[in-house]
Amino acid sequence: MPFLIGENMTGGYGGADILHGCTISVDKGEIAVIVGPNGAGKSTAMKAVFGMLPLREGRVTLDGQDITGLSPQARVAAGMGFVPQTSNVFTSMTVRENLEMGAYLRQDDFTDTMEQVFDLFPILREKAAQPAGELSGGQRQQVAVGRALMTKPSVLMLDEPTAGVSPIVMDELFDRILEVARTGIAILMVEQNAKQALNIADKGFVLVQGANRFTDTGAALLADPEVRRSFLGG
Ligand SMILES: Nc1ncnc2c1ncn2[C@@H]1O[C@H](COP(=O)(O)OP(=O)(O)O)[C@@H](O)[C@H]1O
Ligand SMILES: [Mg+2]
């Protein structure tokens, strides 16, 4: 049984359902990637797994426990970190303050964790005293990922972490994400850069209109002619 599962998720924002029996899962130390066209429900699936969308059907389990009824805050306390697609940093706060905000649930000393984030993203150490709003897009994404790591999550969920960054910055960020996965954290990520993301993915989910269209290893999806033609630009 995978470590995190969003199983048979059906629901939406109050009107018609957006998700139709969607199933997503990831194991510790693994990278699972969700790809699919704009409006397919990728972000909605992430919100559902994080408890920001009421499910009409289906459930979410973490380490074998049913967490479907837990609030997002309670999920953070249970070991989930989430970096949403938009507004994921406090632009008027410094880099250090952003990271401190990430640790708001922790009662213990988080100095070591902040050092680990600075080791992972050295530019953040240099810019620790600068407002996050002054940073480049790629650096802001590092702040957002670093903030989510401050609670020492067992699962890290990232919605389009490379949106709007150059290919070089994207490769660099993917390398860092691989590094995080190697520490044993489960990574569930939505990506527009589907080919590159599936390249580093253990598992991939192609979502279309709120439902699973293809599910396989990253390598198998990359090699599938139909997936390539329809979703990866050939
Ligand atoms: N807050 C919201 N309220 C109502 N509908 C929404 C909301 N967010 C997204 N949607 C709708 O849900 C569908 C899926 O959106 P989304 O999950 O953002 O897709 P993706 O992330 O795959 O681009 C779209 O039709 C979108 O218009
Ligand atoms: Mg989205």
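Computed from a predicted model, the values in this text were never measured in an experiment. (Residues numbered from 1 in each chain as written. Chains lettered and ligands numbered in written order. Predicted model: local features only at pLDDT ≥ 70, side-chain atom pairs only at ≥ 80, totals over all residues.)

Enquirer: Help me out: how do you make sense of the overall build of the chain in this one?
Expert: On a plain count of helices and strands, the chain comes out with ten helices and ten strands. Over its C-alpha atoms the chain spans a radius of gyration of 17 Å, differing by no more than 12% from the 17 Å that the globule rule assigns to 234 residues. When its C-alpha atoms are laid out on the principal axes, the chain stretches across 45 × 40 × 30 Å. Residue pairs at least 24 apart in sequence account for 68% of intrachain contacts in the chain once pairs closer than 6 positions are excluded. (Helix = DSSP H or I, 4+ residues; strand = E, 2+ residues; numbered from the N terminus. Rg over C-alpha atoms; globule rule 2.2 N^0.38 Å. Contact = placed C-beta atoms within 7 Å.)

Enquirer: Help me understand the packing of helix H3 (residues 95-102) against helix H6 (residues 137-149), please; the structure alone is not making it clear to me.
Expert: Each pair of packed helices can be summarised by the angle the axes make with each other and by the distance between the axes. Look at H3 against H6: their axes get within 7 Å of each other, and the N-to-C directions meet at 35 degrees. Note on packing geometry: the crossing formed by H3 with H6 is right-handed. Here H3 contributes Val95, Asn98, Leu99, Met101 and Gly102 to the contact with H6, which in turn contributes Val143, Gly146, Arg147 and Ala148. Considered class by class, the residues forming the contact of H3 with H6 number five nonpolar, three polar and one charged. (Axes fitted to C-alpha atoms, helices over the stretch in contact; angles between N-to-C directions. Left-handed = near helix turned anticlockwise from the far one by under 90°. Nonpolar A, V, L, I, M, F, W, Y, C, P; charged D, E, K, R; others polar.)

Enquirer: Is there a simple way to explain the sheet that holds strand S10 (residues 211-217) in this structure?
Expert: Sheet strands associate in pairs through backbone hydrogen bonding, adopting either a parallel or an antiparallel arrangement. Strand order in the open sheet made by the six strands is S6-S7-S8-S3-S9-S10, with mixed pairing throughout. Where the open sheet ends on each side, the last strands, each with one partner, are strand S6 (80-83) and S10. On average, each strand axis in the sheet is tilted by 15 degrees relative to the strand beside it, whichever way the strands run. Bridging between S6 and strand S7 (residues 155-159) involves four bridges; their strand directions are parallel. Note that in S7 the partner of Phe82 across the bridge is Met157. Sheet contacts for helix H1 (residues 42-50): strand S3 (31-35), S6, S7, strand S8 (186-190) and strand S9 (203-208); angle to S7, the most-contacted strand, approximately 150 degrees. Of the strands in this sheet, S3, S7 and S8 touch helix H7 (residues 167-182), which is tilted by about 150 degrees from S8. (Pairing = 2+ DSSP bridges.)

Enquirer: Honestly, the sheet that holds strand S5 (residues 65-66) in this entry has me stumped. Any pointers?
Expert: The strand order across the open sheet built from four strands is S2-S1-S4-S5, with neighbouring strands paired in antiparallel fashion. Looking along the sheet, the strands with just one partner apiece sit at the ends: strand S2 (17-26) and S5. As paired strands, strand S1 (residues 4-12) and S2 are joined by six bridges and run antiparallel to one another. Residue pairing in the sheet places Gly11 in a bridge with Leu19 of S2. In the packing of H1 onto the sheet, contacts are made with S1, S2 and strand S4 (57-62), and the angle to S2 comes to roughly 70 degrees.

Enquirer: When you look at the UniProt feature "domain: ABC transporter" (unreviewed entry) in the chain in this model, what are you seeing that I'm missing?
Expert: Those residues carrying the UniProt feature "domain: ABC transporter" (unreviewed entry) are residues 4-234 in this numbering. With 38% helix and 26% strand, the stretch residues 4-234 has end C-alpha atoms that lie 31 Å from each other. (UniProt positions renumbered as here; feature names shortened; annotations may be inferred.)

Enquirer: Please clarify how H1 should be interpreted in this entry.
Expert: Owing to its 3.6 residues per turn, the α-helix aligns residues three or four sequence positions apart on the same side. For H1, the buried fraction is high: eight of the nine residues fall into the buried class. Gly51 lies just past H1 and shows a positive phi near 90 degrees. (Buried ≥ 20, exposed ≤ 12 C-beta atoms within 10 Å, placed from the backbone.)

Enquirer: Would you mind going over the site of ligand 1 with me for this structure?
Expert: With respect to spatial proximity, the complete set of residues near ligand 1 consists of Tyr13, Ile18, Gly36, Asn38, Gly39, Ala40, Gly41, Lys42, Ser43 and Thr44. For the shell around ligand 1, the leading source of residues is H1, giving three residues. (Near = placed C-beta within 6 Å.)

Enquirer: What am I meant to see in the nonpolar core here?
Expert: If you look at soluble globular proteins, the nonpolar side chains tend to sit buried side by side. Formed by 66 residues in total, the largest nonpolar core has its most connected members in Val33, Ala45, Leu156, Met157, Ile187 and Leu188. Discounting chain neighbours no more than four positions away, the residues touching Met157 are Met46, Val49, Phe50, Met80, Gly81, Phe82, Val83 and Leu188. (Core = buried A, V, L, I, M, F, W, Y, C linked by C-beta atoms within 7 Å.)

Enquirer: Can you walk me through the environment of Leu53 in this structure?
Expert: Mapped onto the secondary structure, Leu53 falls in the loop between H1 and S4. Distance in space between the C-alpha atoms of Leu53 and Pro122 is 35 Å, their sequence separation being 69 residues. Ignoring any residue separated from it by four or fewer positions in sequence, one finds Leu53 in contact with Gly11, Thr44, Lys47 and Ala48.

Enquirer: What is the right way to read unusual backbone geometry from this model?
Expert: Among all residues except glycine, the phi angle is most often negative; among peptide bonds, the trans geometry is most common. Despite not being glycine, Asn8 shows a phi value in the positive range, around 55 degrees. With respect to the element layout, Asn8 can be found in strand S1. Residue class for Asn8 comes out partly exposed when judged on the 14 C-beta atoms lying within 10 Å of it. The phi dihedral of Gln209 falls on the positive side, at around 45 degrees, and the residue is not glycine. Position of Gln209 relative to the elements: it lies in the loop between S9 and S10.

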